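Secondary and tertiary structure notes
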Amino acid sequence: MITLLAISLAGCGKEEVVTNVGKLEFEQPLNIPPLLEATMESDGSKHFTLTMQTGRTEFLPGKMADTSGINGTYLGPTIRAARGDKVSFDVVNDLGEQSTLHWHGMKLPAVMDGGPHQMIDAGKTWSPHWTIDQPSATVWYHPHLHGKTAEHVYRGLAGMFIIDDEDSKKLPSNYGIDDIPLIVQDKLFTDDGKFLEDDEGIFGTLGDEILINGTYDPYLKVTASQVRFRLLNGSNARAYHFGFNDGKTFKLVANDAGLLQEPVTMDRIMLSPGERAEIVVEFEPGEEAILHSFNGHAGIDSGEFDLLKIIAAPELAESAPIDGQLSTVPEIEAPENARVRQFKLTMENKINDKYMDMYRIDEVVPAGATEIWEINNFGHSHNFHIHNAAFRVLSVNDKEPPEYERGRKDTVFIPNGSNVKIVVEFGNYADPHYPLMYHCHLLRHEDDGMMGQFLLVEPGTESEVPTTLPKKE
Ligand code: C2O
Ligand code: CU
Ligand code: CU
């Protein structure tokens, strides 16, 4: 039954297109998650407090949903720090149940990663700390507890983490003015405005309403001629093909893990769950533009949605057009003798014929290595995310990847039936005790066990580390 349905979804594209077109009034001002204030510690580190909590939130006018949030009732504040900063956190779990908080896209010691091995019990506080040592990027944070990530993220536990460096500061960087986060999530609502989770589908919950930064029916007024938008697909399963209703173009300036070498002008970009992109959009005084997601068949539901109306002020602060070199970080290149690893994705949501086992190590990688990972998808569409790593897409079915997949990434869409090759640059911190994850970021699949564990170890010690982990009581 499940298999048949999957084939029809992946194959013919006859399913009805989910859409909200013509339905929105664009009446609610877009919520901009507040920037989280840091306190300076005596050792020079920036200290932040994040409290995971439950609450109630009004999305549909006059109706309340039970939600979770961080320092609020839905989503969390934006954290901003620069390359070289020391950061430390108190993550307080007031949810009344276990959870974790993972820093998606961050290179850090494995024990600070916030994955399934860094469980925070109800009522407890977890205090990770590290030095930010990677190029500027739009990363994000969300729970990562094994088997319940979909539920926790869907209820609202997620937020953005902006890393700045000298290169990124040349782009519009005035948060909330010309540097705007857009966390895009689809939801199913009950008639009385509560969140509904769909337990049936193959891909997980696919909503027919869209929230941006937790705002339903949003508009945004802008006052600058060049605006940088940080798009984050924070949805459980849905992919979006972002563009503007009138075909207006924009410049892609960054992907998941950093700036592109130079901006690329385009009118459409696809993001699957967990992926980010930074785009710069140019506005004329008084212009109105509607950010839209087009229906693009990719073996994964995208649907067709109006997302956000952007209204430019009659007079705009002018800034120089975005041109020339952006990143001074070289492209990720494979060394000649790069190790190649194979990963097989299947219809049963397995990786290399295995489901996730918290006590099994699937791969051992030398810290700081650059390797080629080749992913073959024999199932319905999936995507692939690697912790503590940045990669460049080398090919999709032996062809050049789409233009919007250039540059540094940490999550990539893997269409059904495809072969995707990536060159992966791993983090430098070795730790033989705490594994890191690679997995499908469609959260239903991840929860089903479509995830593997790898260790980053001192180069030369690969064969010495055990391939099982001791069971904890
Ligand atoms: Cu966004 Cu392993 O996670
Ligand atoms: Cu991650
Ligand atoms: Cu998947």
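Predicted model only: the values in this text are computed from it and were never measured. (Residues numbered from 1 in each chain as written. Chains lettered and ligands numbered in written order. Predicted model: local features only at pLDDT ≥ 70, side-chain atom pairs only at ≥ 80, totals over all residues.)

Our focus in this paragraph is the overall build of the chain. Check the secondary structure of the chain and you find three helices and 33 strands. The C-alpha radius of gyration computed for the chain amounts to 21 Å, which stays within 12% of the reference 23 Å derived for 473 residues, consistent with globular compactness. Its C-alpha atoms give the chain principal-axis dimensions of about 65 × 60 × 50 Å. Among the 473 residues that make up the chain, the fraction classed as buried is 48%. (Helix = DSSP H or I, 4+ residues; strand = E, 2+ residues; numbered from the N terminus. Rg over C-alpha atoms; globule rule 2.2 N^0.38 Å. Buried ≥ 20, exposed ≤ 12 C-beta atoms within 10 Å, placed from the backbone.)

The residues that UniProt annotates with the feature "domain: Plastocyanin-like" (unreviewed entry) are residues 53-167, 206-284 and 347-455. Taken as a whole, residues 53-167 contains 6% helix and 39% strand, while its terminal C-alpha atoms sit 36 Å from one another. Secondary structure across residues 347-455 divides into 6% helix and 42% strand, with the first and last C-alpha atoms of the span separated by 26 Å. (UniProt positions renumbered as here; feature names shortened; annotations may be inferred.)

Before going further, it helps to examine the sheet that holds strand S5 (residues 79-82). The strand order across the open sheet built from four strands is S5-S11-S10-S7, with neighbouring strands paired in mixed fashion. The outermost strands of the open sheet, each flanked by one partner alone, are S5 and strand S7 (102-104). Taken pair by pair, the neighbouring strands of this sheet meet at an average axis angle of 25 degrees, ignoring direction. Note: S7 against strand S10 (residues 137-142), three bridges, orientation antiparallel. Along S10, the bridge assignment pairs His-104 with Trp-140. (Pairing = 2+ DSSP bridges. Axes fitted to C-alpha atoms, helices over the stretch in contact; angles between N-to-C directions.)

On the secondary structure map, Pro-135 appears in the loop between strand S9 (129-131) and S10. Assessed through the 21 C-beta atoms surrounding it within 10 Å, Pro-135 is described here as buried. In this structure the C-alpha to C-alpha distance between Pro-135 and Phe-426, which are 291 residues apart in sequence, comes to 14 Å. Discounting chain neighbours no more than four positions away, the residues touching Pro-135 are Arg-83, Asp-165, Gly-258, Leu-259, Ser-327 and Val-329. (Contact = placed C-beta atoms within 7 Å.)

Among soluble globular proteins, nonpolar side chains are generally buried collectively. Core analysis: the largest hydrophobic core is formed by 115 residues, its most contacted members being Phe-161, Val-184, Ile-212, Leu-231, Val-253 and Ile-279. By residue number, the principal contributor to this core is strand S24 (residues 305-317), which donates six residues. When neighbours within four sequence positions are excluded, Ile-279 is seen to be in contact with Phe-229, Leu-231, Phe-250, Lys-251, Leu-252 and Val-253. (Core = buried A, V, L, I, M, F, W, Y, C linked by C-beta atoms within 7 Å.)

Looking now at unusual backbone geometry. Phi is positive for Asn-349, close to 65 degrees, though the residue is something other than glycine. Within the fold, Asn-349 resides in the loop between strand S25 (340-345) and strand S26 (363-366). A positive phi is found at Asn-352, a non-glycine position, where the angle reads about 50 degrees. By secondary structure assignment, the location of Asn-352 is in the loop between S25 and S26. Judged by local crowding, Asn-352 falls into the partly exposed class, with 13 C-beta atoms found within 10 Å.

Here strand S33 (residues 451-457) lies mainly inside the structure; seven of its seven residues are buried. Side chains Met-451, Gln-453, Leu-455 and Val-457 project from S33 onto one buried face, and the interleaved Gly-452, Phe-454 and Leu-456 project onto a second face that is buried too. In this structure, S26 lies alongside S33, joined through four bridges in parallel fashion. Looking across to S33, one finds that Val-365 is bridged to Leu-456.

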